[in-house]
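So the chains spell out like this:
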Amino acid sequence: MRLVNRLAALAAASTLLTGCLNVTPDPTASSLAAAPAAAALAPPVAPRIDHEITQVGRTRNDPYNWLKDDNWQEVMRDPSLLRADIRDYLLAENAYTKTLLEQPTTALREELFTEMRGRIKEDDSSVPAIDGPYSYYTRYREGGEYAIFARRAAADAFNADAPETIILDGDALGAGQDYFAFGDIEVSPDHAYVAYGTDTKGSESYEIRVKNIETGADAGIVIENAYGPMEWSATGKAIFWVLRDENGRPSAVYQRMLATGEDTLVYEEPDPAFFVTIGTTESEEMILIHTAGHTTSEVHWFPSDELNPTLRMVAPRQTDNEYSVSHWNGEFYILTNYGDAVDFQLMRAPLSATSREEWQPVIPHRPGTLLLETHAQKDYLAVMERENGLPRIVLHSRADGSSHAISFDEAAYSLGLDAGYEFDVPVLRFGYASPATPDQVFDYDLVTREKTLRKTREVPSGHDPADYVVERILVPSWDGAEVPVTILRHRTTPKDGSAPLLLYGYGSYGITMPADFRTGRLSLVDRGFIYAIAHVRGSMAKGYQWYLDGKLEKKTNTFEDYIAVGNYLASNGYTSRGRIVGHGGSAGGLLMGAAANMDPELFAGIIAAVPFVDVLNTMSDESLPLTPPEWPEWGNPLTDEAAYDTILAYSPYDQVTNQPYPAMLITGGVSDPRVTYWEPAKWAAKLRHEAPGGGPYFLRINMDAGHGGASGRWESLRETAIDFAFALAAVGKAGDVQLARPEAGAGTGD
């Protein structure tokens, strides 16, 4: 039983350094306008050390390459091993940001934090998921940072006063840790044991342990360097888990026998461009090993009660063919883009099938209707679809082949399927939310078609959806393509161009930002901000082709779409040029960097969280965990001249020039395995050198966390408060604290 999927998803250096090694002040840099005591503090300046790189007949110089620790693999596992000169520089950057941004906004940040915390029910709990004799759920204690996983009798599933057994106490396990996060949590088939993963570095490399649920005793099982996902054998005698190799890639599946502690290799992926994961079918009769690159996949399976298993293959990998499987009605139901089905089709095949020639169509390809996922229950198959940017759930009956849809009426909303019940129970659980409507969890009776509302997220400080206006508009991009935009504003906020606007964007890997409910963003919206999400190309907001049109040689469509949305919103009364704060993280940070290079004066500020901005160097380093798997997304500049030139032309780090860049808040994490800490650090250093008249540029590196930032729910809120205080200061809504936006100065060049 996948408790993390069913439950956890519902939970929701302070001293200024002086004299640091190789760190010198820059007297030309701008600073906070209202912080006279701090204004004399100049930002750290990273030394420039020539580092020439030649590939595919081209040579470039990377003067900040020294910020990458040669021992980076070990640093991700243990951040204390970071080289001293790099550590000193990053701490100096943190001190600069603390002094010029965090300290002047202390009162505002505390106000924001208190406000956001007040919207969270501190002792919140999830809707119980029933499995056999028990109902499992997650809850928080008042003031607690981390989740508690617990269970009570299935008959008492919805009786909060019934006795419970605490399975895992996140507050106890995370006590004294700078960082703590759960990985996968799986209960044994007999409900006697729980296997769970924990990460205390932020590196997403987990340690798996097993404990007796009733006694609380540790079973003495320790698995290190695990990727996260794992599954129990139906026999209860073994755990199947995924290894992270020396480069941090999930590359192999092992069987750990609990009685002997012996590991046996089950599957090893030979291609470094493919990542391995593991799961079960909804029937729990089969264990699936899924190995995939960005656009190519392959599935192996074996009966869940088979030890030392013999693997069966659904179909061999075929370049640019993706598929996933559900076990339903005695067959495999396969969601796939096979046969030029750009927006995917649903097919079925006998369990004995080993090739695509044996697949038969069930739901044919319908251009413009993207099939997202399937969820099987004994007598019904649920299919999540997206059409015209909005999701819906379609239910298919095994008995008579009939189908019907569950749809909703709001202009923008999000849906999610959830396995709240056992395979044989004809009840489907799903979640619903919109930017103005708090999350709701429904149980849907598949026979009577009646919906039962199980939970609405409580907002203790109060929330009235009628106070907010949600819009979904289409904005023409540079080539006429219409970009969907989700907009949230307070009903009293005028559309006269005076409002500041936060424009969020991502646009890579086909990931689509949901039109969901986030209590935190209300702290901006209630202060007069308009909040907008640009569903740019590179996502699947308008289908799979929308993704294809925002990758590889078409990647610049992502950036052009975002700029077009910003200018449209400014031209149509939502805001004005120079009143927009751009916000994006990871690959969305790439979008922020590219947009700032293309049209810096569109923005008042940029929040670039763990930004993927050093694209050319990262895609040229095949030792990094994500590089080979991501060549289908960006191109391979090690072997392809055209890919090199394309990436170089938009890579934010490589394209920094002397421009009037807006104020920027740039964040990262030392143990981040996805976007390494040196990317934001190098970018900030180059911005200061090339465009000293822009900014100011604030770099904030978490020395004890990775890609997701702080781990506890309150510490995470404090980081959000820094982001929002920066956004408010950038548009002059932080009282006396505001960011100066000087005219462009003279760059120093190379």
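Above this text you will find the structure in question.
Here we summarise the structure given alongside this text. (Residues numbered from 1 in each chain as written. Predicted model: local features only at pLDDT ≥ 70, side-chain atom pairs only at ≥ 80, totals over all residues. Heavy atoms only, no water.)

Some remarks on the overall build of the protein chain
Going by this rule: Strands here are runs of E lasting at least two residues and helices are runs of H or I lasting at least four, both read from the DSSP assignment and numbered beginning at the N terminus. Throughout, radius of gyration means the C-alpha value; the globule benchmark is 2.2 Å times the number of residues raised to the power 0.38. Exposed residues in this analysis have more than 50% of their type's maximum accessible area, buried residues have under 20%, and partly exposed residues fall in between, with area computed by a 1.4 Å probe over protein chains only. Surface exposure here means Shrake-Rupley accessible area, sampled with a 1.4 Å probe, where a residue is shielded only by the protein chains that are shown.
Across its full length, the protein chain holds 15 helices and 39 strands. For the protein chain, the C-alpha radius of gyration of 26 Å lies close to 27 Å, the compact-globule estimate for 750 residues. Dimensions of the protein chain along its principal axes, counting C-alpha atoms only, are 70 × 55 × 55 Å. Every one of the 750 residues in the protein chain was classed for burial, and the buried ones make up 59%. Accessible surface for the protein chain amounts to roughly 27600 Å². Of this, 48% is attributable to carbon and sulfur atoms.

Notes on the packing of aromatic side chains
For the record, the criterion: Under the pairing criterion, centres of Phe, Tyr and Trp rings, with the six-membered ring standing for Trp, must be within 6.5 Å; the plane angle then separates stacked pairs below 30 degrees from edge-to-face pairs above 60, leaving the rest tilted. Remark: a charge is flagged as sitting over a ring if the NZ atom of Lys or the CZ atom of Arg is within 6 Å of the ring centre and within 35 degrees of the ring normal.
Evaluated as defined, the whole model comprises 26 aromatic pairs. Through a chain of ring-to-ring contacts, the aromatic side chains of Phe 408, Tyr 413, Phe 430, Tyr 432 and Phe 442 assemble into a single cluster. Positioned above the aromatic ring of Tyr 134, the side-chain terminus of Arg 151 is 3.7 Å from the ring centre. Sitting above the plane of the Trp 301 ring, Arg 312 keeps its charged end 5.4 Å from the centroid.

Section: helix H14 (residues 678-690)
The following threshold applies: Each residue after the first adds 1.5 Å to the expected span of a helix.
Helix length check: H14, at 13 residues, gives a terminal C-alpha distance of 18 Å against a target of 18 Å (1.5 Å per residue), a fit within 8%. With 13 of its 13 residues buried, H14 lies for the most part within the structure.

Overview of the packing of helix H4 (residues 84-102) against H14
Going by this rule: Lines fitted to the C-alpha atoms define the axes, with helices restricted to the stretch that makes contact. Angles between their N-to-C directions range from 0 to 180 degrees. An angle counts as roughly parallel when it lies under 35 degrees, as roughly antiparallel when it exceeds 145, as roughly perpendicular when it falls between 65 and 115, and as oblique in every other case. Crossing chirality is assigned from the near helix's rotation relative to the far helix, an anticlockwise turn below a right angle marking it left-handed and a clockwise turn marking it right-handed. Only heavy atoms enter the contact rule, under which two residues are in contact if any of them lie within 4.5 Å.
Where H4 meets H14, the axes come as close as 12 Å, and the angle between the chain directions of the two elements is 65°. Here H14 runs roughly perpendicular to H4, going by the angle between their axes. The hand of the H4/H14 crossing is left-handed. Where H4 abuts H14, its residues Tyr 89, Leu 90, Glu 93 and Tyr 96 lie against Ala 681, Ala 685 and Arg 688.

With respect to the nonpolar core
Just so we agree on the cut-off: Among buried residues, those of type Ala, Val, Leu, Ile, Met, Phe, Trp, Tyr and Cys that are joined through side-chain atoms within 4.5 Å constitute a nonpolar core.
Membership of the largest hydrophobic core comes to 78 residues, with the highest contact counts inside it found for Leu 90, Leu 503, Tyr 562, Leu 569 and Met 664. Ranked by the residues each element gives to this core, the list is headed by helix H10 (residues 587-598), at 7 residues. The residues touching Leu 569, leaving out its near neighbours within four places in the chain, are Ile 473, Ile 487, Leu 501, Leu 503, Ala 532, Tyr 574 and Thr 575. By size, the runner-up hydrophobic cluster in this structure holds 45 residues, among which are Tyr 96, Met 116, Leu 502 and Leu 728.

Observations concerning the packing of helix H5 (residues 106-118) against helix H15 (residues 713-730)
Put simply, the test is: Amino acids outside the nonpolar list (Ala, Val, Leu, Ile, Met, Phe, Trp, Tyr, Cys, Pro) and the charged list (Asp, Glu, Lys, Arg) are all regarded as polar, and Gly is one of them.
With their axes 8 Å apart at the nearest point, H5 and H15 run at an angle of 125° to one another. Judged on the interaxial angle alone, H15 and H5 are oblique. Crossing geometry of H5 relative to H15 is assigned as right-handed. On H15, the residues touching Leu 108, Arg 109, Glu 110, Leu 112, Phe 113, Met 116 and Arg 117 of H5 are Trp 714, Leu 717, Arg 718, Thr 720, Ala 721, Ile 722, Phe 724, Ala 725 and Leu 728. Among the residues forming the contact of H5 with H15, the class breakdown is 11 nonpolar, 1 polar and 4 charged.

A short note on empty space enclosed by the protein
To keep it simple, the criterion reads: Each cavity reported here is a set of points on a 1 Å grid over the protein atoms alone in which a 1.4 Å probe fits but cannot get out, each pocket an open set with protein on both sides within 12 Å along at least five of seven lines, and each lining residue one with an atom within 4 Å of a point. Grid points are joined across faces, edges and corners, and a volume is the space filled by probe spheres set on the points.
Of the volumes computed, that of the largest cavity is approximately 50 Å³. Lining the largest cavity are Tyr 506, Gly 507, Ile 511, Thr 512, Met 513, Ala 534, His 535, Val 536, Ser 539 and Ala 541.

Some points on the sheet that holds strand S16 (residues 275-280)
For clarity, the cut-off: Should DSSP find at least two bridges between two strands, the strands are regarded as paired.
Strand order in this open sheet of 4 strands is S16-S17-S18-S19, and the pairing throughout is antiparallel. Taken across any chain shown, the strands that pair with only one partner, and hence form the sheet edges, are S16 and strand S19 (312-315). In this sheet, adjacent strand axes meet at a mean angle of 25° when their direction is disregarded. Here S16 runs beside strand S17 (residues 286-292); their pairing, made up of 6 bridges, is antiparallel. Each bridged residue has a counterpart across the sheet, and for Thr 277 the counterpart in S17 is His 290.

Remarks on the sheet that holds strand S20 (residues 323-328)
Spatial ordering of the open sheet is given by S20-S21-S22-S23, a layout of 4 strands whose pairing is antiparallel. Only two strands of the sheet have a single neighbouring strand rather than two, namely S20 and strand S23 (360-363). Across the sheet, the mean angle separating the axes of adjacent strands is 35° when strand polarity is ignored. Bridging between strand S22 (residues 345-350) and S23 involves 3 bridges; their strand directions are antiparallel. Looking across to S23, one finds that Leu 346 is bridged to Ile 363.

A few points about H15
With 18 residues, H15 ought to run about 26 Å at 1.5 Å a step, and its terminal C-alpha atoms sit 26 Å apart, in line with that. Burial runs high along H15: 14 of the 18 residues are buried. One or two steps after H15, the chain reaches Gly 732, where phi turns positive at roughly 75°.

Overview of the side chain of Ser 397
For clarity, the cut-off: Polar contacts, as used here, are pairs of N or O atoms within 3.5 Å; protein pairs need one atom able to donate a hydrogen and one able to accept it. Residues neighboring in sequence count only if both atoms are side-chain atoms.
Relative to the helices and strands, Ser 397 is located in strand S26 (residues 390-397). Relative accessible area serves as the criterion here: at 11%, Ser 397 is assigned to the buried category. One polar contact links Ser 397 to Asp 400, side chain to side chain, over a distance of 3.2 Å. Those residues within four positions of Ser 397 in sequence are excluded, and the remaining contacts are Trp 328, Asp 379, Tyr 380 and Ser 402.

Some remarks on the pattern of salt bridges
Note the threshold: For this document, the term salt bridge refers to a Lys or Arg side-chain nitrogen within 4 Å of an Asp or Glu carboxyl oxygen.
Overall, the coordinates contain 44 salt bridges when judged by the stated rule. In this structure, the salt-bridge partner of Asp 645 is Arg 58, at a minimum N-O distance of 2.8 Å. Of this pair, Asp 645 sits in helix H13 (residues 641-650) while Arg 58 sits in strand S4 (residues 58-61), and the two are 587 residues apart along the sequence. With a relative accessible area of 35%, Asp 645 lands in the partly exposed category. In this structure, Arg 429 and Asp 443 form a salt bridge, with 2.7 Å as the shortest nitrogen-oxygen distance. Note that Arg 429 is positioned in strand S29 (residues 427-433) and Asp 443 in strand S30 (residues 440-445), a separation of 14 residues in sequence. In this pair, the class of Arg 429 matches that of Asp 443, namely buried. In this structure, a network of salt bridges that share partners links the residues Glu 111, Glu 115, Arg 119, Asp 526 and Arg 527.

Focus on the environment of Met 592
Along the polypeptide, Met 592 turns up in helix H10. It is 41 Å that separates the C-alpha atoms of Met 592 and Lys 451, two residues lying 141 residues apart in sequence. Those residues in contact with Met 592, other than ones at most four positions away along the chain, are Gly 505, Tyr 562, Gly 582, His 583, Gly 584, Ile 606, Ile 607 and Ala 608.

Comments concerning unusual backbone geometry
Of note, the bond from Gly 695 into Pro 696 is cis; its omega dihedral lies within 30 degrees of zero at 10°. Locating Pro 696 in the fold gives a position in the loop between H14 and strand S39 (697-702). Backbone geometry at Asn 225 places phi at a positive 55°, although glycine is not the residue there. Relative to the helices and strands, Asn 225 resides in strand S12 (residues 218-232). Classification of Asn 225 by relative accessible area gives partly exposed; the value is 35%.

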